[in-house]
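Residues per chain are reported as follows:
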Amino acid sequence: MKAVVKTSQAPGAELKDVDIPIIGPRDVLIKVKAAAICGSDIHIFHSSPGIMHMVKTPLTFGHEAAGEVVSTGDMVSSIKKGDRVAVETHFPCGHCYYCQTGAQHNCSNLVIFGVQTDGAFAEYAKVPEVVCWKLPQDYSYDLGSILEPLGVAVHGAMVEDVNGKSVAVFGCGPIGLFAIGAVTAFGATKVFALEVASKRLAMARQLFSSAILINPKEQDPIKTITEATDGLGVDVAIELSGNPAAIKQAFKVLKREGRISLIGIPPGPVELEIHKDIILKETRVHGSFGRLMWQTWWQVRNLLAMDKFDPLSVITHRFPLVDYAKALELAASGEAGKILLYP
Ligand code: ZN
């Protein structure tokens, strides 16, 4: 089969002919119908040090995927050939402390699809039965392939309720756009969207007419948000950019007793004013990694059933798998929304 393979620690990747994965008794083999490009795929492609320590080459990368089940292992009981599935990308061991206590996404023996084991930028992918999420009949494979990043946004945004709250979303890449859509649908009263890339700001403007857009290069976000919230700040800040300056601003725009969700990964340590920004304000800080299995997936399904926001509108480009390099460079440019690959 064709697969996009990271063959060495050096930047780049190769389209190669490789063997179709051999499944174990608890695995299923999926014919990949759509795979979406994530920020971490760009980091693998460019060999960013922040992720390469997890990658053992050769690796077929790509982890946001949906496809059709073509075969199942002998012990698989809940999934059958012909099922249409999306993939939860955190493979839990099922028996550690975290798995036993309902926090599979924080499993001690976590294996990440397409990062620590072969992934979805290929014609076929092998995944454990336990990470398959059956697609409802009215879901396309395109929608299936973006449920995982949509889940990242929903888990980060909805770790506490946002109904009736003001929210600032830092970063309007695909997950930021999903987060704006989610908090708006779940009842946030005032939503600020912050982004420096003009194309992404334009997308946010087009998709969410009610959001208040801020380009931090042109406007001081702290002053703008404080003034627009009666001098109080927002109830909730959701940080997706990973930019150290944005992370600091996200703490500053928060109201006393506010909540901040940190999702974007900074390139290194970030210096915070813990005394002023957390202790005196009684700030609740939530780190967010992945999604809850399967609470977040059900929350996403409920969000989509509300029909207040179409996540497919965040997809801007679609490429055949052979054009993976072009697609990854476009994704890295910040000039696109979500990009899908079709093996
Ligand atoms: Zn575990």
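The following refers to the structure shown. (Residues numbered from 1 in each chain as written. Predicted model: local features only at pLDDT ≥ 70, side-chain atom pairs only at ≥ 80, totals over all residues. Heavy atoms only, no water.)

**Some points on the overall build of the protein**
For step 1, the next point in the chain: For the protein, the helix and strand inventory stands at 12 helices and 18 strands.
For step 2, the next point in the chain: Computed over its C-alpha atoms, the radius of gyration of the protein comes to 20 Å, within 12% of the 20 Å expected for a compact globule of 343 residues.
For step 3, the next point in the chain: Its C-alpha atoms give the protein principal-axis dimensions of about 60 × 40 × 35 Å.
For step 4, the next point in the chain: When each of the 343 residues of the protein is scored for burial, the buried share is 53%. (Helix = DSSP H or I, 4+ residues; strand = E, 2+ residues; numbered from the N terminus. Rg over C-alpha atoms; globule rule 2.2 N^0.38 Å. Buried < 20%, exposed > 50% of the residue type's maximum accessible area, 1.4 Å probe, protein only.)

**Some remarks on the sheet that holds strand 16 (residues 284–287)**
For step 1, the next point in the chain: Pairing is parallel across the open sheet formed by six strands, whose spatial order is 13-12-11-14-15-16. Only two strands of the sheet have a single neighbouring strand rather than two, namely strand 13 (212–214) and strand 16. Looking at each pair of strands side by side, their axes are set apart by 15° on average, direction ignored.
For step 2, the next point in the chain: Note that strand 12 (residues 190–194) and strand 13 share three bridges and pair parallel. Note that in strand 13 the partner of Ala 193 across the bridge is Leu 213. (Pairing = 2+ DSSP bridges. Axes fitted to C-alpha atoms, helices over the stretch in contact; angles between N-to-C directions.)

**Examining unusual backbone geometry**
For step 1, the next point in the chain: For the bond from Thr 57 to Pro 58, the omega torsion is 0°, close enough to zero to count as cis.
For step 2, the next point in the chain: Tracing the chain through its elements places Pro 58 in the loop between helix 2 (49–52) and strand 4 (59–60).
For step 3, the next point in the chain: A cis amide bond, omega 0°, links Met 293 with the succeeding residue Trp 294.
For step 4, the next point in the chain: Mapped onto the fold, Trp 294 is located in the loop between strand 16 and helix 11 (295–306).
For step 5, the next point in the chain: A positive phi is found at Asp 230, a non-glycine position, where the angle reads about 55°.
For step 6, the next point in the chain: Along the chain, Asp 230 falls in the loop between helix 8 (221–228) and strand 14 (234–239).

**Some thoughts on the pattern of salt bridges**
For step 1, the next point in the chain: What the rule picks out here adds up to 14 salt bridges.
For step 2, the next point in the chain: In this structure, the salt-bridge partner of Glu 160 is Arg 284, at a minimum N-O distance of 2.8 Å. Of the two residues, Glu 160 is situated in the loop between helix 5 (147–157) and strand 11 (166–170) and Arg 284 in strand 16; the sequence distance between them amounts to 124 residues.
For step 3, the next point in the chain: With its nearest N and O atoms 3.6 Å apart, the salt bridge here joins Lys 276 to Glu 273.
For step 4, the next point in the chain: The exposure class assigned to Glu 273 is partly exposed, which follows from its relative accessible area of 36%.
For step 5, the next point in the chain: Each member of the salt-bridge network shares a partner with another, and the members are Lys 252, Glu 273, Lys 276 and Asp 277. (Salt bridge = Lys/Arg side-chain N within 4 Å of Asp/Glu carboxyl O.)

**Digging into the environment of Pro 311**
For step 1, the next point in the chain: Relative to the elements of secondary structure, Pro 311 occurs in the loop between helix 11 and strand 17 (315–320).
For step 2, the next point in the chain: Look at Pro 311 and you get buried, because its relative accessible area is 2%.
For step 3, the next point in the chain: Not counting the four nearest positions on each side in its chain, Pro 311 is found in contact with Leu 143, Ile 146, Leu 150, Phe 178 and Leu 304. (Contact = heavy atoms within 4.5 Å.)

**Description of the coordination of the zinc ion**
For step 1, the next point in the chain: Protein coordination of the zinc ion is provided by Cys 93 (SG), Cys 96 (SG), Cys 99 (SG) and Cys 107 (SG), with donor distances spanning 2.3 to 2.4 Å.
For step 2, the next point in the chain: Every donor counted, the four donor atoms about the zinc ion form angles of 101 to 116° at the centre, which fits tetrahedral coordination. (Donors = N, O, S within 2.8 Å, 3.2 Å for Na, K, Ca; no water. Tetrahedral: all angles 85-135°; square planar, octahedral: opposite > 155°, others 65-115°.)

**Observations regarding the nonpolar core**
For step 1, the next point in the chain: Ranked by size, the top nonpolar core spans 50 residues in total, and within it Leu 147, Ile 180 and Ile 238 carry the most contacts.
For step 2, the next point in the chain: The element best represented in this core is helix 6 (residues 174–185), accounting for seven residues.
For step 3, the next point in the chain: Beyond its immediate chain neighbours, meaning those up to four positions away, Ile 238 contacts Ala 157, Val 167, Ala 168, Val 169, Phe 170, Val 183, Ser 261 and Ile 263.
For step 4, the next point in the chain: Judged by nonpolar contacts, the second largest core, of 45 residues, contains Ile 30, Phe 61, Leu 110 and Val 131. (Core = buried A, V, L, I, M, F, W, Y, C linked by side-chain atoms within 4.5 Å.)

That is the geometry; function is a separate question.
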